[in-house]
Amino acid sequence: MPKDIQPDLLKIDSYDYDLPPGQIAQMPADPRDSSRLLVLDRSTGCLQHRIFRELPELLRSNDLLVLNDARVIPARLLGRKMGGSARCEIFLLRPTHPDWGEWEALVKPGRKLPPGTAVLLDTETVVRVEERLPEGLRRIRFPGDLDVHELIEKAGQVPLPPYIQNEAIDPERYQTVYASREGAVAAPTAGLHFTESLLQNIRSLGVEIRNLTLHVGIGTFRPVKEADIRNHPMHEEFFEIPEETACSVNGALRNGRRIVAVGTTVVRALEASSQTGACLPGLNRTKLFIYPGYRFKAIGALITNFHLPRSSLLMLVSAFAGHEPTMKAYRTAVREKYRFFSFGDAMFIE
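Residues numbered from 1 in each chain as written. Predicted model: local features only at pLDDT ≥ 70, side-chain atom pairs only at ≥ 80, totals over all residues. Heavy atoms only, no water.

**Things to note about the overall build of the protein chain**
Argument step 1. Check the secondary structure of the protein chain and you find six helices and 17 strands.
Argument step 2. Viewed in the frame of its principal axes, the protein chain has a C-alpha envelope of about 65 × 40 × 40 Å.
Argument step 3. Surface exposure of the protein chain reaches about 15,700 Å², of which carbon and sulfur atoms provide 49%.
Argument step 4. With 44 positive and 43 negative side-chain charges, the protein chain shows a separation of 4 Å between the mean positions of the two kinds. (Helix = DSSP H or I, 4+ residues; strand = E, 2+ residues; numbered from the N terminus. Areas by Shrake-Rupley, 256 points an atom, 1.4 Å probe, with all protein chains shown as cover. Lys, Arg positive; Asp, Glu negative; His and termini not counted. Charge placed at Lys NZ, Arg CZ, Asp CG, Glu CD.)

Right, dumping it as structure tokens:
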């Protein structure tokens, strides 16, 4: 930890704010790029109120824009305990085997589904709850001859965040238009604002666009509970950076070009892979916890949504933009009736 960090910024209470429930977005903007965009200048603390489709006006012709191409799978499976009638839920989080035959998962009700329990899914497929894992997770095993991809696509439900109560949403609206790598259980929501035409407008400026993949882990759903945030255990997340993306990132760093991260998932992946000074390609994993005092290695600008109070994501934004400018921006967004969280409005921090 840097010696000059303010002690108050290590306290969880420093990342709280009041949000009226009516400002939690229940529907995505239509069209996607009509959402509002709060622009924060890190150097001055000044704020601008824009529309997301105006993003090209804020980008530079030599910027490198990095997207997370993770695609959300319908990871919520419903069924009942074998021999009983009570309903249960299996929320798949991460495959632990290449053929998707074993998964880490959350199960409900956990107390009534101990290791060894068989669950009959609504598709008449029987899966088994195996050993307990850290953080309240279970290992789930599917039958060896089953096409798990097909089962999930047929029977699963897209797991919208619990604060979204609207069940009539088209599942494709919880995917980015560039989503391609299946396996995520939550969308990289900063990318939900992009349309194909907006991306084309950005390319026409000369902006280079590259992808990486980070499938969001259980940490996204877990609030920070420790009074001293340094004691918060970050859940491990896997990510993959293609060779061409790493080359572009390293070229941008050498030439002083700005790297614009679309979402906190891109920040975590690029920062984790750049700890030695150069972005390393390939499949990797990270428990990197970014909070004020962190020294950024790669990122020069950030596009992000508004995050939950007391969340590790709000701490990451505070590390990048500065704590007081961030909290001032959030207070302004509340006052100006911005829409919050997954389907809400966005920020551009430059």
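**Re the pattern of salt bridges**
Argument step 1. For the structure on display, the rule yields 21 salt bridges.
Argument step 2. Here D228 ties to R230 by a salt bridge, and the two come within 2.6 Å at their closest N and O atoms.
Argument step 3. Put simply, E324 and R331 hold a salt bridge, and the shortest N to O gap is 2.8 Å.
Argument step 4. Its relative accessible area of 44% is what places R331 among the partly exposed residues.
Argument step 5. Via salt bridges that share partners, D13, D16 and R310 belong to a single interconnected network. (Salt bridge = Lys/Arg side-chain N within 4 Å of Asp/Glu carboxyl O. Buried < 20%, exposed > 50% of the residue type's maximum accessible area, 1.4 Å probe, protein only.)

**A look at the packing of aromatic side chains**
Argument step 1. One pass over the structure, following the stated rule, counts 15 aromatic pairs.
Argument step 2. Between Y178 and F194, the aromatic rings sit 6.4 Å apart at their centres with planes inclined by 65°, giving edge-to-face as the arrangement. A residue pair is termed long-range when its members are at least 10 positions apart, and Y178 in the loop between α1 (148-155) and β11 (181-184) and F194 in the loop between β11 and α2 (196-204) qualify at 16 residues.
Argument step 3. With a relative accessible area of 12%, Y178 lands in the buried category.
Argument step 4. On the basis of relative accessibility, which here comes to 0%, the residue F194 falls in the buried class.
Argument step 5. Here the aromatic rings of F306 and F340 are separated by 4.8 Å at their centres, their planes lie at 35°, and the arrangement is tilted. Of this pair, F306 sits in the loop between β16 (301-305) and α5 (312-321) while F340 sits in the loop between α6 (323-335) and β17 (346-349), placing them 34 residues apart in sequence.
Argument step 6. Ring pairing ties together the aromatic residues Y17, Y163, F306, Y330, Y338, F340 and F341, which thus form one cluster. (Phe/Tyr/Trp six-rings, centres within 6.5 Å; stacked < 30°, edge-to-face > 60°.)

**Digging into the environment of V127**
Argument step 1. Structurally, V127 is set in strand β9 (residues 126-132).
Argument step 2. A relative accessible area of 2% places V127 in the buried class.
Argument step 3. The contact partners of V127, leaving out residues within four places of it in the chain, are I90, T117, A118, V119, L121, I140, R141, F142 and P143. (Contact = heavy atoms within 4.5 Å.)

**So, the nonpolar core**
Argument step 1. Y17, I259, L270 and F340 are the most contacted members of the largest nonpolar core, which totals 56 residues.
Argument step 2. No other element matches the seven residues that α5 contributes to this core.
Argument step 3. Leave out the neighbours within four places in its chain, and Y17 touches H307, L308, P309, L314, M327, Y330, V334, F340 and F341.
Argument step 4. C88, F91, L151 and I152 belong to the second-largest nonpolar core, a separate cluster that totals 26 residues. (Core = buried A, V, L, I, M, F, W, Y, C linked by side-chain atoms within 4.5 Å.)

**Re helix α4 (residues 264-273)**
Argument step 1. Among the 10 residues that make up α4, 10 are buried, leaving the element largely enclosed by the rest of the structure.
Argument step 2. When α4 is considered as a whole, its buried residues turn out to be T264, T265, V266, V267, R268, A269, L270, E271, A272 and S273.

**Considerations on the packing of α5 against α6**
Argument step 1. Between α5 and α6, the shortest axis-to-axis distance is 7 Å and the interhelical angle comes to 120°. In this view, α5 runs oblique relative to α6, as classed from their interaxial angle. Counting all contacts with α5, which are made through L314, V317, S318 and A321, the residues of α6 involved are H323, P325, T326, M327 and Y330.
Argument step 2. Here the residues of the contact of α5 with α6 sort into six nonpolar, three polar and no charged. (Axes fitted to C-alpha atoms, helices over the stretch in contact; angles between N-to-C directions. Parallel < 35°, antiparallel > 145°, perpendicular 65-115°, else oblique. Nonpolar A, V, L, I, M, F, W, Y, C, P; charged D, E, K, R; others polar.)

**Structural notes on the pairing of strand β5 (residues 76-81)**
Argument step 1. Sheet analysis places β5 next to strand β6 (residues 87-95), joined by five bridges and oriented antiparallel. Paired with R76 across the bridge in β6 is F91.
Argument step 2. Between β5 and β6, which follow one another and run antiparallel, lie five residues, and G83 among them has a positive phi close to 85°.
Argument step 3. Examined bridge by bridge, β5 and strand β8 (residues 118-121) share three bridges and lie antiparallel to one another. In the sheet register, G79 faces β8, and the bridge partner there is L121. (Pairing = 2+ DSSP bridges.)

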